[in-house]
Amino acid sequence: MTDARITELLEIAQEAAAAGAAVLAERDEVAPTGTGLTEDQSGVKTKSSESDLVTDFDRRAEEAVREAISRRRPQDTISGEEYGTTEVDNPSGYRWSIDPLDGTTNFVRGIAYYGTSVGLQGPDGTWLVGVVNAPALNRIWWGVKGNGSFTSRGTNEPVRLVGPTGDPHAGLLATGFGYDPARREQQTATVADMLTGFGNLRRLGAAALDICMVADGTLDAYAEYGIWEHDWAAAAVIAEEAGVPVRRPAAANSAEAPDWCVVGHLGMEHSQLQPTPTGL
């Protein structure tokens, strides 16, 4: 792939992520960070459980991301959290995996850890580009296969990412937990085993941001069971390009084949990761 082509694809991903983040930034017009949203303010509803939320912001942000991509790449396929996979005539072979609002519960409750995630997969299945834009943190992370990964805050110059540099035994492990109580119980037991190699645990509530924070060295590793492709698609590129090992789940649909997503070194073999029983 030419430098011009990869530069164009990165620009589109950045533009799309910015479009989604701009919708999320409208939250401040409704309620300031630190203040929760009501149903009237956000159209918040539940999905798989009472704690699995979706809002009008999710939907509008995804529409904005899709429009930004389709305007410049009308023959590309787009897979998103809220509207599924959109097929096109004469597809190019490129596929975008987008999460318009990663961290919806944080967003609704006024916690600043949320953002828009945009990843791109090439015709041969290689993940090429990833951009994560977190408007409440005023932070953007991005990466391009073979060209490194970077972060910027506000108008500051981009900083190249190199991953964690400290002692992992004194470091921070990030994780997340499922909505099903039985799945959560087994996840908790496995994460407790992982913690023997770390100083402490963080659960920030947004997988894409967790992975990006491993890439920039804020966190030392991340492991979560049963997340969906759109949760990790963009951030995994960013982490890999920072030199961090990434274990992607085998399937895009976590409901069909749940698996662990691992970013960084856990201090235990991946074969030791205990799967949640089928059906949970």
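Since the structure is predicted, the reported quantities are computational estimates derived from the model, not experimental observations.

Parameters at a glance
Residues numbered from 1 in each chain as written. Predicted model: local features only at pLDDT ≥ 70, side-chain atom pairs only at ≥ 80, totals over all residues. Heavy atoms only, no water. Core = buried A, V, L, I, M, F, W, Y, C linked by side-chain atoms within 4.5 Å. Buried < 20%, exposed > 50% of the residue type's maximum accessible area, 1.4 Å probe, protein only. Helix = DSSP H or I, 4+ residues; strand = E, 2+ residues; numbered from the N terminus. Contact = heavy atoms within 4.5 Å. Axes fitted to C-alpha atoms, helices over the stretch in contact; angles between N-to-C directions. Parallel < 35°, antiparallel > 145°, perpendicular 65-115°, else oblique. Left-handed = near helix turned anticlockwise from the far one by under 90°. Nonpolar A, V, L, I, M, F, W, Y, C, P; charged D, E, K, R; others polar. Pairing = 2+ DSSP bridges. Phe/Tyr/Trp six-rings, centres within 6.5 Å; stacked < 30°, edge-to-face > 60°. Lys NZ or Arg CZ within 6 Å of the ring centre and 35° of its normal.

## Let's talk about the nonpolar core
Core analysis: the biggest nonpolar cluster contains 34 residues, and Val132, Trp141, Ile211, Tyr222, Trp232 and Val263 have the highest contact counts within it. Listed by contribution, the elements that provide at least two residues to this core are β7 (127–134), α7 (207–215), α8 (229–241) and β15 (260–263). Leaving out residues up to four positions away in the same chain, Ile211 has contacts with Tyr222, Trp232, Ala235, Ala236, Ala239, Cys261 and Val263.

## What to know about the packing of helix α1 (residues 3–25) against helix α4 (residues 56–72)
For the pair α1 and α4, the least separation of the axes is 8 Å and the interaxial angle reads 155 degrees. Judged by the angle between their axes, α1 and α4 are roughly antiparallel. When the axes of α1 and α4 are compared, the crossing they make is right-handed. Only Phe57, Arg60, Ala61, Ala64, Val65, Ala68, Ile69, Arg71 and Arg72 of α4 make contact with α1, whose side of the interface consists of Glu8, Glu11, Ile12, Glu15, Ala16, Ala19, Gly20, Val23 and Leu24. Of the residues assigned to the contact of α1 with α4, the class counts are 11 nonpolar, 1 polar and 6 charged.

## Remarks on the sheet that holds strand β14 (residues 246–247)
As summarised here, the arrangement of the 5 strands in space is β12-β11-β13-β15-β14, forming an open sheet in which the pairing is mixed. Each end of this open sheet is capped by a strand with a single partner; those strands are β12 (200–202) and β14. As paired elements, strand β13 (residues 221–225) and β15 share 4 bridges and run antiparallel to each other. Looking at β15, one finds that Ala223 is bridged to Val262.

## What to know about the packing of aromatic side chains
Given two aromatic rings, one states the distance between the centres and the angle between the planes to describe the pair. Evaluated as defined, the whole model comprises 5 aromatic pairs. Judged by centre distance (4.9 Å) and plane angle (85 degrees), the ring pair of Phe107 and Tyr114 falls under edge-to-face. Of the two residues examined, Phe107 and Tyr114, each falls in the buried class. Ring geometry for Trp142 and Phe150: centres 6.1 Å apart, planes at 25 degrees, overall stacked. Through a chain of ring-to-ring contacts, the aromatic side chains of Phe57, Phe107 and Tyr114 assemble into a single cluster. The lysine or arginine in question, Arg60, covers the ring of Phe57, its NZ or CZ lying 5.2 Å from the ring centre. Sitting above the plane of the Tyr94 ring, Arg73 keeps its charged end 4.9 Å from the centroid.

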